[in-house]
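Notes for the structure review
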Amino acid sequence: MSVENAPVVDVDEAAIPVEKKMYYRFESNDKKEFRVSELAIQQSETLNRLVEAMGYTSEDVENKPAIAIENIDGKTLKLVFQWCEHHKGEAIPVDDGSVPKIVEIPEFDAKLMDIDNGLLFKLIWAADYLNIVQLLNVSCKKVANMAQGKTPAQLRRVYLLPSDEEDEAAKRAAQEAQDPRAREVEEEFEERKRQGGNSFF
Amino acid sequence: MNRFPLLRLPYVALREVILSTDRSDVINLALSSRKTCRIINTTRNTVSMQKMSQDDVDGLSAFDKLNIACLETRENSTKVRKSIELRLSEQFAFSFLLSHYGNDSPVSRPSCTMSFRFQVNSINDRIEGPREIMRFQDLDVPVIIRSREKICTLWEDIDFGFRFLSYHFQQFKFRMESLEVNPRGADESKFSRFLRNSADFLRSSGKPDLSISNIELMTDSDLQTLLHNTDYYTIIIQGPGRFPDNFACETICLTIFNADGFTLKHLLNSKCERVCLKGTQMTSGDMREVLNNWMDGRLESLKDLHVELRDYLYIAVVLTGLSNRTGYDVNRTEKFMVIRRRDGKKARISIPKDERERKMFDMSICYY
């Protein structure tokens, strides 16, 4: 099944026919609504527990407001639910302890994640928040693959990693911001040293 | 370039990225900054020898091992002992050994060890294997990776290669464990140049042990370079071989096997605490000279002398040197002759008790 045909129903678009089985309605923080099948929701431990706790009937789903997911936007949530629909019914993977972890990215997932890094970043946040183990695995594997064959300097650029010097400078700046008097004292001390004084107090 | 803000991921996701990253890449990631290294070491995909198993270490390539050595140098952990060995022979090589000890006891066994070797080769040497490029600082060096433990670096100018690697490896600040010298099969002029080039490296890396084989193939000038520029903890020389007339060395412990070319003059010229000479051409008369010199206040650094003589040891001959002296005491027990000097220092000479010991001269110096 292609990424485009994954059966997530974006209510605003309402283009895909709804299957006759239990589904739930979710709303992103930018007010986009999605219908997602019960089986697909099982991929997300967070959502699965939530709907179980709510105990909605089919009527409730229609009559009550959509379940709000307040910290994920519509674009990201659409990807998440497309992924869940495609992989519904699949077993949740268990960590076998291997190092490095062996993670294959299926073709569907590769196409789904053929997105800019900003959206990939949001997708990983969403997978982590919604506790979708396999989506987290494949999206993190995609990020891990960015490191292949890179030197430490190249990795700093790819992953926006501060160097040790930058970390030190940030640490100093944070300390100074916490105690603005510290900088003044230091400057006064330096000035006295320049003037030849050997006692500060 | 499309960039990804890795450290802004939630920890669980960041850990997943690290766990999914190949070992070589995760080592490079750890080298990119201390902060990243610390995070990596909170996961199972660790780059710290303190957390790696022996299987993890054995699975690393030689280049990954070098990078782990870089990391261990940067972290400066006291629980990982790091040493380097320089081999100057037909092949010139730097061998590294890292050992992790679970506790600080000097007698404990390492829980994890890692060794690898970088060989300095001419680009024209015939070495089997595909060529790759390895980056040292800003220099791309062609290499042939022979195994997980051995990398041959290839140089147009082998002297430059040796100097470059010496300089590069100096930054690791590893303890210089030993220097192995064997001129057999080595090009004489190249060997001499390497010896001179290695002097700086040796001086900067601590007090190594020195091992020399085929000393007779070394020129006087090479020996001079080797022995007069660097302090060694121990020196082991494998004879037989000729020692130059002016041979002298200064070390804690000197051991020479097949020491037929090592004479009384060489012994008297050396300043060593412990000397063990096997298979010498020395006699009881020579030991008398040793005792005389000691009585005269020379050989002051000597604490233990063990010499295998050419013939049987005659204690009476050794002691004849004392006959014209005053101000000393001699005590004889069943096992020892103890000679006490005017300043209170004592030399204890063992009396051979059986046929096996008849050629052994053992002298220990003490104050009690």
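Residues numbered from 1 in each chain as written. Chains lettered and ligands numbered in written order. Predicted model: local features only at pLDDT ≥ 70, side-chain atom pairs only at ≥ 80, totals over all residues.

1. Observations regarding the overall build of chain B
- Across its full length, chain B holds 11 helices and 16 strands.
- The C-alpha radius of gyration of chain B comes to 27 Å, more than 25% above the 21 Å expected for a compact globule of 368 residues.
- Referenced to the eigenvectors of the C-alpha coordinate spread, the extents of chain B come out at roughly 90 × 45 × 35 Å.
- Out of the 368 residues belonging to chain B, those deemed buried represent 35%.
- Long-range pairs, those at least 24 residues apart, make up 56% of the contacts in chain B between residues at least 6 apart in sequence. (Helix = DSSP H or I, 4+ residues; strand = E, 2+ residues; numbered from the N terminus. Rg over C-alpha atoms; globule rule 2.2 N^0.38 Å. Buried ≥ 20, exposed ≤ 12 C-beta atoms within 10 Å, placed from the backbone. Contact = placed C-beta atoms within 7 Å.)

2. Details of the UniProt feature "domain: F-box" (unreviewed entry) in chain B
- UniProt records the feature "domain: F-box" (unreviewed entry) at residues 3–52 of chain B, using the numbering of this structure.
- As annotated, residues 3–52 of chain B comprises 54% helix and 0% strand, and the C-alpha atoms at either end are separated by 30 Å. (UniProt positions renumbered as here; feature names shortened; annotations may be inferred.)

3. Brief notes about helix H5 (residues 62–75) of chain B
Residue and element names in this part refer to chain B.
- Spanning 14 residues, H5 covers 20 Å between terminal C-alpha atoms, matching the ideal 20 Å at 1.5 Å per step.
- All of the buried residues along H5 are Ala62, Asp64, Lys65, Leu66, Ile68, Ala69, Leu71 and Glu72.
- Positive backbone phi, at 55°, marks Asn76, one or two positions downstream of H5. (Expected span 1.5 Å × (residues − 1).)

4. Brief notes about the UniProt feature "domain: SKP1 component dimerisation" (unreviewed entry) in chain A
- When the UniProt feature table is mapped onto this chain numbering, "domain: SKP1 component dimerisation" (unreviewed entry) sits at residues 134–178 of chain A.
- With 76% helix and 0% strand, the stretch residues 134–178 of chain A has end C-alpha atoms that lie 41 Å from each other.

5. Section: the confidence of the model for chain A
- On average, residues of chain A carry a pLDDT of 86, and 83% of them reach 70 or more.
- Contacts for the low-pLDDT stretch residues 11–19 of chain A, under 50 throughout, to residues beyond four places or in other chains number 12 contacts. (pLDDT = per-residue confidence, 0-100.)

6. With respect to unusual backbone geometry
Residue and element names in this part refer to chain A.
- At the junction of Val99 and Pro100, the peptide bond is cis and its omega measures out at -10° in the coordinates.
- For Pro100, the location among the structural elements is in the loop between helix H4 (74–86) and helix H5 (107–112).
- You will see that Asn131, though not glycine, has its phi angle at about 55°, which is positive.
- A positive phi angle, near 55°, is found at Leu160, a position not held by glycine.
- Here Leu160 falls in the partly exposed class, since 13 other C-beta atoms lie within 10 Å of it.

7. Re the pairing of strand S5 (residues 139–145) of chain B
Residues and elements named next belong to chain B.
- In terms of strand pairing, strand S4 (residues 131–136) meets S5 through 6 bridges, oriented antiparallel. If you follow Arg131 over to S5, its bridge partner there is Ile144.
- Hairpin connection between S4 and S5: a loop of 2 residues separates the two successive antiparallel strands, and Gln137 in this loop has a positive phi of roughly 55°.
- Looking at chain direction, S5 and strand S6 (residues 150–155) are connected through 3 bridges and run antiparallel. Considered in S6, the bridge of Ile145 is made with Ile151. (Pairing = 2+ DSSP bridges.)

8. Description of the interface of chain B and chain A
- Counting residues at the interface gives 30 residues for chain B, matched by 33 residues for chain A.
- Elements supplying a minimum of two residues to the side of chain B that touches chain A: helix H1 (11–20), helix H2 (23–32) and helix H3 (34–40) of chain B.
- Each residue belonging to the side of chain B that touches chain A can be placed in one class, and the counts come to 13 nonpolar, 8 polar and 9 charged. (Nonpolar A, V, L, I, M, F, W, Y, C, P; charged D, E, K, R; others polar.)

9. A word on the environment of Trp294(B)
Residue and element names in this part refer to chain B.
- With respect to the helices and strands, Trp294 occurs in helix H10 (residues 284–295).
- Trp294 sits in the buried class, given 20 other C-beta atoms within 10 Å.
- Put simply, Trp294 and Ile365 are 71 residues apart on the chain and 9.7 Å apart in space, counted from C-alpha to C-alpha.
- Excluding residues that lie within four positions of it along the chain, Trp294 makes contacts with Leu299, Leu302 and Ala347.

10. Overview of the environment of Cys37(B)
Residue and element names in this part refer to chain B.
- Looking at where Cys37 falls in the secondary structure, it is placed in helix H3.
- By C-beta crowding, Cys37 is classed as buried, having 21 other C-beta atoms within 10 Å.
- Put simply, Cys37 and Val47 are 10 residues apart on the chain and 7.7 Å apart in space, counted from C-alpha to C-alpha.
- With sequence-adjacent residues up to four places away left out, Cys37 is seen in contact with Ala30, Val47 and Leu71.

11. Points about the UniProt feature "domain: SKP1 component POZ" (unreviewed entry) in chain A
- UniProt tags residues 26–88 of chain A as "domain: SKP1 component POZ" (unreviewed entry).
- The span residues 26–88 of chain A shows a helical share of 52% and a strand share of 14%, and its end C-alpha atoms are spaced 17 Å apart.

12. Some thoughts on the environment of Asp222(B)
Residue and element names in this part refer to chain B.
- With respect to the helices and strands, Asp222 occurs in helix H8 (residues 220–228).
- When the C-alpha positions of Asp222 and Phe191 are compared, they lie 8.7 Å apart, and in sequence the two are 31 residues distant.
- The residues contacting Asp222, other than those within four sequence positions of it, are Ser192 and Leu195.

13. Notes on the nonpolar core
- Ranked by size, the top nonpolar core spans 129 residues in total, and within it Val80(A), Ile124(A), Ala127(A), Val17(B) and Ala30(B) carry the most contacts.
- Among all residues touching Val80(A), those that are not within four sequence positions of it are Leu123(A), Ala126(A), Ala127(A), Leu130(A), Ile132(A) and Leu135(A). (Core = buried A, V, L, I, M, F, W, Y, C linked by C-beta atoms within 7 Å.)

14. Overview of the pairing of strand S9 (residues 232–238) of chain B
Residue and element names in this part refer to chain B.
- Here strand S8 (residues 209–213) runs beside S9; their pairing, made up of 4 bridges, is parallel. If you follow Leu210 over to S9, its bridge partner there is Ile235.
- Where S9 meets strand S10 (residues 250–257), 6 bridges bridge the pair, whose relative direction is parallel. Bridge pairing links Thr234 to Cys253 in S10.

15. A look at the confidence of the model for chain B
Residues and elements named next belong to chain B.
- Averaged over chain B, the pLDDT score is 89; the fraction of residues at 70 or greater is 97%.
- The least confident element of chain B is helix H7 (residues 188–204), whose mean pLDDT is 80; the most confident is H1, at 97.
- Taken over the whole predicted complex, pTM reads 0.77, whereas the ipTM for its chain interfaces reads 0.82.

16. Regarding the packing of helix H6 (residues 117–129) of chain A against helix H7 (residues 133–145) of chain A
Residue and element names in this part refer to chain A.
- Contact geometry for H6 and H7: axes closest at 9 Å, N-to-C directions at 150°. When the axes of H6 and H7 are compared, the pair comes out roughly antiparallel. Remark: the crossing between H6 and H7 carries left-handed chirality. Along its contact with H6, which presents Leu120, Leu123, Ile124, Ala127 and Asp128, the element H7 presents Leu135, Leu136, Ser139, Cys140 and Lys142. (Axes fitted to C-alpha atoms, helices over the stretch in contact; angles between N-to-C directions. Parallel < 35°, antiparallel > 145°, perpendicular 65-115°, else oblique. Left-handed = near helix turned anticlockwise from the far one by under 90°.)

17. Description of the packing of H2(B) against H5(B)
Residue and element names in this part refer to chain B.
- Axis separation between H2 and H5 bottoms out at 10 Å; the angle between their running directions is 25°. Of the possible angle classes, the one that applies to H2 and H5 is roughly parallel. Note on packing geometry: the crossing formed by H2 with H5 is left-handed. Across the interface between the two elements, Arg23, Ser24, Ile27, Asn28, Ala30 and Leu31 of H2 pack against Asp64, Asn67, Ile68, Cys70 and Leu71 of H5.

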